[in-house]
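Architecture and fold: a report
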Amino acid sequence: MLTFAQMAALDGAKLYPKQIEALDAVSKGWDTSLIACNGAGKTAIVAKYAVQGFFKRHPRGKLVATSGSFNQLANQL
């Protein structure tokens, strides 16, 4: 079974080591947090591929996502 980082790489994503580490942890089901500066790809890369990977594994699953900004949910995720 592919990790979420491997799925992202197959999709053409260029991942930084910390993004790979976070996606691998999430794909193992570990509680995971990622602390990084604005624009580091936390939502646009890591959350995107974590959500995609979740739904590939659990097609009938449900996901609750929150954000401080509707713009972030609508345009980044």
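Please refer to the structure placed before this passage.
Only a predicted model underlies this, so the values are computations on that prediction, with no experimental measurement involved. (Residues numbered from 1 in each chain as written. Predicted model: local features only at pLDDT ≥ 70, side-chain atom pairs only at ≥ 80, totals over all residues. Heavy atoms only, no water.)

1. Quick notes on the nonpolar core
- Membership of the largest hydrophobic core is limited to 11 residues, which are Phe4, Ala5, Met7, Ala8, Ala13, Leu15, Ala22, Leu23, Val46, Tyr49 and Ala50.
- Apart from the residues lying within four places of it in its own chain, the contact partners of Phe4 are Leu23, Val26, Ser27, Tyr49, Ala50, Gly53, Phe54 and Arg57. (Core = buried A, V, L, I, M, F, W, Y, C linked by side-chain atoms within 4.5 Å. Buried < 20%, exposed > 50% of the residue type's maximum accessible area, 1.4 Å probe, protein only. Contact = heavy atoms within 4.5 Å.)

2. Points about the packing of aromatic side chains
- This model, assessed by the stated rule, comprises one aromatic pair.
- Plain terms: the ring middles of Phe54 and Phe55 are 5.0 Å apart, the flat faces sit at 75° to each other, and that makes the pair edge-to-face.
- Owing to a relative accessible area of 24%, Phe54 belongs among the partly exposed residues under this scheme.
- For Phe55, a relative accessible area of 31% gives the class partly exposed. (Phe/Tyr/Trp six-rings, centres within 6.5 Å; stacked < 30°, edge-to-face > 60°.)

3. Concerning helix 3 (residues 42-57)
- A rise of 1.5 Å per residue sets the reference length of helix 3, with its 16 residues, at 22 Å; its end C-alpha atoms lie 21 Å apart and thus fit the reference within 8%.
- Looking only at helix 3, the buried set comprises Thr43, Val46, Tyr49, Ala50 and Gly53.
- If you follow the buried residues of helix 3, they end up packed against helix 1 (4-10), helix 2 (17-27) and helix 4 (70-75). (Helix = DSSP H or I, 4+ residues; strand = E, 2+ residues; numbered from the N terminus. Expected span 1.5 Å × (residues − 1).)

4. Re the layout of surface pockets
- When its volume is computed, the largest pocket comes out at roughly 440 Å³.
- Only helix 2, helix 3 and helix 4 provide two or more residues apiece to the lining of the largest pocket.
- If you tally residues by element for the lining of the largest pocket, the top one is helix 3, at seven residues. (1 Å grid on protein atoms, 1.4 Å probe; cavity = no way out; pocket = protein on both sides within 12 Å on 5 of 7 lines; lining within 4 Å. Points joined across faces, edges and corners; volume = space filled by probe spheres on them.)

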